[in-house]
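# Structural overview
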Amino acid sequence: MPATTITKGLENRSESTTAMVGGINDEIQLEVVERHEIADSVALFSLKSADGQPLPEWLPGAHIDLILTSGVVRQYSLCGDPRDRHAWKVAVKQRNGGKGGSLAVHRELSVGSSVRAGKPRNNFRLEPASRYLFIAGGIGITPLVPMIAAAHEAGVEWQLKYFGSSRHGMPFADELSQEYGGRVSLLAKEAGERTDITEMLTEPLDQTLVYCCGPESLLQDVESACETWPVSAIRTERFTPRTVEPGTVDESFEVEFSASGVTVSVPPDKSILQCATEAGLYAPSSCGEGTCGTCETAIILGHADHRDSLLSQTERNADEVMMICVSRAKTPRLVLDL
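Residues numbered from 1 in each chain as written. Predicted model: local features only at pLDDT ≥ 70, side-chain atom pairs only at ≥ 80, totals over all residues. Heavy atoms only, no water.

Tallied over the full model, the rule gives 6 aromatic pairs. Ring geometry for F124 versus Y211: centroids 5.4 Å apart, planes at 65°, classification edge-to-face. On the criterion of sequence distance, the pair formed by F124 in the loop between β6 (114-118) and β7 (131-137) and Y211 in strand β10 (residues 208-213) is long-range, its members being 87 residues apart. Of the two residues, F124 and Y211, both sit in the buried class. Aromatic side chains W158 and Y180 sit 5.0 Å apart centroid to centroid with 90° between the ring planes, which places their arrangement in the edge-to-face category. Of this pair, W158 sits in strand β8 (residues 157-164) while Y180 is found in helix α4 (residues 173-180), placing the two residues 22 residues apart along the sequence. The exposure classification of W158 matches that of Y180, with both residues buried. (Phe/Tyr/Trp six-rings, centres within 6.5 Å; stacked < 30°, edge-to-face > 60°. Helix = DSSP H or I, 4+ residues; strand = E, 2+ residues; numbered from the N terminus. Buried < 20%, exposed > 50% of the residue type's maximum accessible area, 1.4 Å probe, protein only.)

Rendered as structure tokens:
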């Protein structure tokens, strides 16, 4: 069966990819070898290793940190072919109203430029399934492009619903339509091509995984529409911080770092990561807002108040790991593997 094919492909490569995953200090020097404007305010960058060595392996859904000259670190999904060890591709949308990361990428990086990057991390893996429904909004299409290619190559049934403000602002729209035909639905608001997400997802589809990436409004609509679906069937990826519920009051709690033998008290105005650093412990970190996964730490005892943008609901329920840059404790004491 096709699902078996994709399962074997994932199993064969997952161990080697995991072994190469590192924190932000595990860097690679890259060179920009190509830059193309592929949609309104969206540039596609092709990056190769500065020393000419093959790049680390990665799986669909992986992202890398780009470390800009200003010291700003931003995460971008790899959207090329995982089998291409000579170049990584990332598509970056310039956001003039953001925090300046994408603007810096567009200003700093041109053909011949050098940039540091972290090795690939993957919190949005393509898990084996008999059927996939991919839902993208704007630049959120980037992690889904290699997923779609992998699913198609494996012969697995899939569909893509791709939302955008206009066709001109939807990267890869033409390529996906030409390559896959009727499996791709381009839904540009400007052209009146809209679909009711609630209606589309009302009834759970048997043996189907839903993968969604895009703006927060789209992710919330999809999560709300999928309330009747199995929790494990919905996979979303955010590159913006998850909003803490209004009225949330933070309290102090204790954290024991078992590997280090250090115990700290975490006050309401500090994160676990801050307290660990102040206690002299090394904890890899990057974004500081729960969107990259660098600071993921195993939970040995206690329950976490998960505030990251990465873990699925199934992973939150399992309560095995947490992002210590933003997440806190539901219990008076946590024991973490650090």
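Taken as a whole and judged by the stated rule, the model has 16 salt bridges. Close ionic contact of R121 with D65 constitutes a salt bridge, the shortest N to O distance being 2.8 Å. Within this pair, whereas R121 is found in the loop between β6 and β7, its partner D65 is found in strand β3 (residues 63-67), the two being separated by 56 residues in sequence. Like D65, R121 is buried. Here R238 and E216 are joined by a salt bridge, their closest N and O atoms 2.8 Å apart. (Salt bridge = Lys/Arg side-chain N within 4 Å of Asp/Glu carboxyl O.)

Read from one edge to the other, the open sheet built from 6 strands follows the order β4-β3-β6-β1-β2-β5, with strand pairing classed as antiparallel. In this open sheet, the two strands that pair with only one neighbour each are β4 (73-77) and β5 (88-93). Strand-to-strand twist of the sheet, defined as the mean angle between neighbouring strand axes without regard to direction, takes the value 40°. Sheet analysis places β3 next to β4, joined by 5 bridges and oriented antiparallel. Within β4, the residue paired with I67 across the bridge is V73. The strands touched by helix α2 (residues 101-108) within the sheet are β1 (27-39), β2 (42-49), β4 and β5, with β5 carrying the most contacts at an inclination of about 120°. (Pairing = 2+ DSSP bridges. Axes fitted to C-alpha atoms, helices over the stretch in contact; angles between N-to-C directions. Contact = heavy atoms within 4.5 Å.)

This brings us to the sheet that holds β8. Paired through their backbone hydrogen bonds, the strands of a sheet run either parallel or antiparallel. The strand order β9-β8-β7-β10-β11 describes an open sheet built from 5 strands, whose pairing is parallel. Of all strands in the sheet, those with a lone pairing partner are β9 (184-188) and β11 (234-237), marking the two edges. The average undirected angle you get between the axes of adjacent strands in this sheet is 15°. Here β10 runs beside β11; their pairing, made up of 4 bridges, is parallel. Its bridge partner being in β11, C212 is matched across the sheet by T236. Here helix α3 (residues 144-153) sits on the sheet in contact with β7, β8 and β10, set at roughly 160° to β7. Strands in contact with α4 are β8 and β9; relative to β9, the strand with the most contacts, it is inclined by about 150°.

Another point: the side chain of S309. You can see S309 is positioned in the loop between β15 (304-305) and α8 (313-318). Not counting residues up to four positions away in its chain, the partners in contact with S309 are R238, T240, P241, R242, G290 and T291.

By the secondary structure assignment, E175 is in helix α4. Look at E175 and you get partly exposed, because its relative accessible area is 43%. Sequence separation between E175 and P204 is 29 residues; the distance between their C-alpha atoms is 29 Å.

With that settled, consider the confidence of the model for the protein. Here the protein shows a mean pLDDT of 89. Residues at 70 or above account for 91%. In this model, residues 7-24 is a region of pLDDT below 50 whose contacts with residues beyond four sequence positions or in other chains number 32 contacts. (pLDDT = per-residue confidence, 0-100.)

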